[in-house]
Amino acid sequence: MKKSVKILSVILALVIVLGCFAACGGSEEPKDEKKVLTMATNAEFPPYEFYEGETVVGIDAEVAALIAEKLGMELKIEDVAFDSIIPGVQAGKYDMGMAGMTVTEDRLKDVNFSDSYATGVQVVIVKEGGSIASLDDIAGKKIGVQTSTTGDIYASDEFGEENVIKYENGALAVEALKNGKVDCVIIDNEPAKSYVAANEGLVILETEYAIEDYAICFAKENTELQEQVNTALKELIADGSVQRVVDKYISAE
Ligand code: ARG
């Protein structure tokens, strides 16, 4: 009888010790597992986001990675249609949207924006020696844009929806310009420069069409993340990290 009590208590002690190990191990694991920061983008927008092989690279991808590092989070990039970034962020599908996205009054009704980290300029790409030589020539001509971008919104407002042809991305709009399906493309200056560099016979009009601020968007209720990202962004701007990323992708003229 006494012997079996002894054995039982030894077993009990073992169970307790083992149980503790398991519990301790179990509670330590999540500490190493980083929280994921999901960023929605539309990776058809060089030099801000584009593919290098299977990986999304570019200014936004690298700045976001630096932000995630500061927050101790693991960055996950989701490549989606540009016009599903804001709805997805609103629905909580993505933690933030970063896509060379311009801060506009209308978008501010749906999402909050971080401080601005870059400036964008809307420009007009035309065929060299084509029918459009200045902004005055655009009226009545066919304008190619990426759906739901500010280029789309300006062009539709100013030149009439009937003259605007919407494409899924800038590259397709530029393709349409080359094929004569549209007479010009209104798009952000940096992607415009890469498209013009990659396609012979295209030029950017001298006149800048509109100047805008790029920022990261968040769901209205997610002010906590917005503030954390802003703090990280401020530090990364102040210590020159953001500029270093920009310089890597945009050569100074
Ligand atoms: N800046 C423009 C806008 O916010 C165009 C952005 C397009 N971005 C992209 N990743 N495709 O509407």
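Before any of the text, the structure's been laid out above.
Note that this is a predicted model, so its numbers are computed, not measured.

Parameters and conventions
Residue numbering note: each chain is counted from 1, following its sequence as written. For this predicted model, a pLDDT threshold of at least 70 governs which residues receive local features, and a threshold of 80 or more governs which side-chain atom pairs are given and counted, while totals over whole chains, interfaces and linings are taken from all residues. Each side-chain value is worked out from all heavy atoms of the structure, with water and hydrogens disregarded. Nearness is judged by heavy atoms alone; a residue qualifies as near a molecule or strand once a single heavy atom is within 4 Å of it. Pairing of N or O atoms within 3.5 Å defines a polar contact, subject to two protein rules: one partner must be a possible hydrogen donor and the other a possible acceptor, and residues neighboring in sequence count only if both atoms are side-chain atoms. Note on areas: Shrake-Rupley, 1.4 Å probe, and residue coverage restricted to the protein chains presented here. In this count, Pro and Cys sit with the nonpolar residues alongside Ala, Val, Leu, Ile, Met, Phe, Trp and Tyr, while Asp, Glu, Lys and Arg are called charged and the others, Gly among them, polar. Throughout this description, the term salt bridge denotes a Lys or Arg side-chain nitrogen within 4 Å of a carboxyl oxygen of Asp or Glu. Only DSSP runs of H or I with at least four residues qualify as helices, and only runs of E with at least two residues qualify as strands; both kinds are numbered from the N terminus onward. Burial status follows relative accessibility: with a 1.4 Å probe on protein chains alone, a residue under 20% of its type maximum counts as buried, one over 50% as exposed, and anything between as partly exposed. The directions considered for the arc are those from the helix axis to the C-beta atoms. What we call a nonpolar core is a set of buried Ala, Val, Leu, Ile, Met, Phe, Trp, Tyr and Cys residues that are connected through their side-chain atoms within 4.5 Å. What makes two residues a contact is simply this: any of their non-hydrogen atoms within 4.5 Å. Expected span, for any helix, means 1.5 Å times one less than how many residues it has.

1. Focus: the site of the ligand
Then step 1. In the neighbourhood of the ligand, 15 residues make up the surrounding shell, with Ala 99, Thr 102, Arg 107, Thr 150 and Asp 188 lying closest.
Then step 2. Arg 107 is positioned with one of its side-chain polar atoms (N or O) 2.8 Å from an oxygen atom of the ligand.
Then step 3. In this structure, a nitrogen atom belonging to the ligand sits 2.6 Å away from a side-chain N or O atom of Asp 188.
Then step 4. Contact with the protein chains covers 100% of the free accessible surface of the ligand, which is 350 Å².
Then step 5. Counted by class, the shell around the ligand contains 5 nonpolar, 6 polar and 4 charged residues.

2. Structural notes on the pattern of salt bridges
Then step 1. Taken as a whole and assessed by the stated rule, the structure comprises 9 salt bridges.
Then step 2. Connected through shared salt-bridge partners, Asp 152, Glu 161 and Lys 166 make up one network.

3. Section: unusual backbone geometry
Then step 1. The omega torsion across Pro 46 and Pro 47 is 5°, close enough to zero to call that bond cis.
Then step 2. The topology assignment puts Pro 47 in the loop between strand S1 (35-41) and strand S2 (50-52).
Then step 3. One non-glycine residue, Ser 148, lies in the positive phi region at around 70°.
Then step 4. If you trace the backbone, Ser 148 turns up in the loop between strand S8 (143-146) and helix H5 (150-159).

4. Description of helix H9 (residues 241-249)
Then step 1. Burial in H9 covers these residues: Ser 241, Val 242, Val 245, Val 246 and Tyr 249. Looking straight down H9, one finds that the buried residues subtend no more than 140° of arc, so they occupy a single side.

5. A word on the nonpolar core
Then step 1. Judged by nonpolar contacts, the single largest core of 29 residues is most densely connected at Ile 59, Val 63, Ile 67, Met 96, Met 98 and Ile 216.
Then step 2. When residues no more than four places from it in sequence are discounted, the contact partners of Ile 216 are Ile 67, Met 96, Gly 97, Met 98, Asn 112, Phe 113, Ser 114, Tyr 117 and Val 229.

6. Remarks on helix H2 (residues 59-71)
Then step 1. Counted at 1.5 Å a residue, the expected span for H2 with its 13 residues is 18 Å, and the 18 Å between its end C-alpha atoms agrees.
Then step 2. Among the residues of H2, those classed as buried are Ile 59, Asp 60, Ala 61, Val 63, Ala 64, Ile 67 and Ala 68.
Then step 3. On the buried face of H2, the contacting elements are S1, strand S3 (55-57), strand S4 (73-79), strand S5 (96-97), helix H8 (223-238) and H9.
Then step 4. Positive phi shows up at Gly 72, right after H2, with a value of about 65°.

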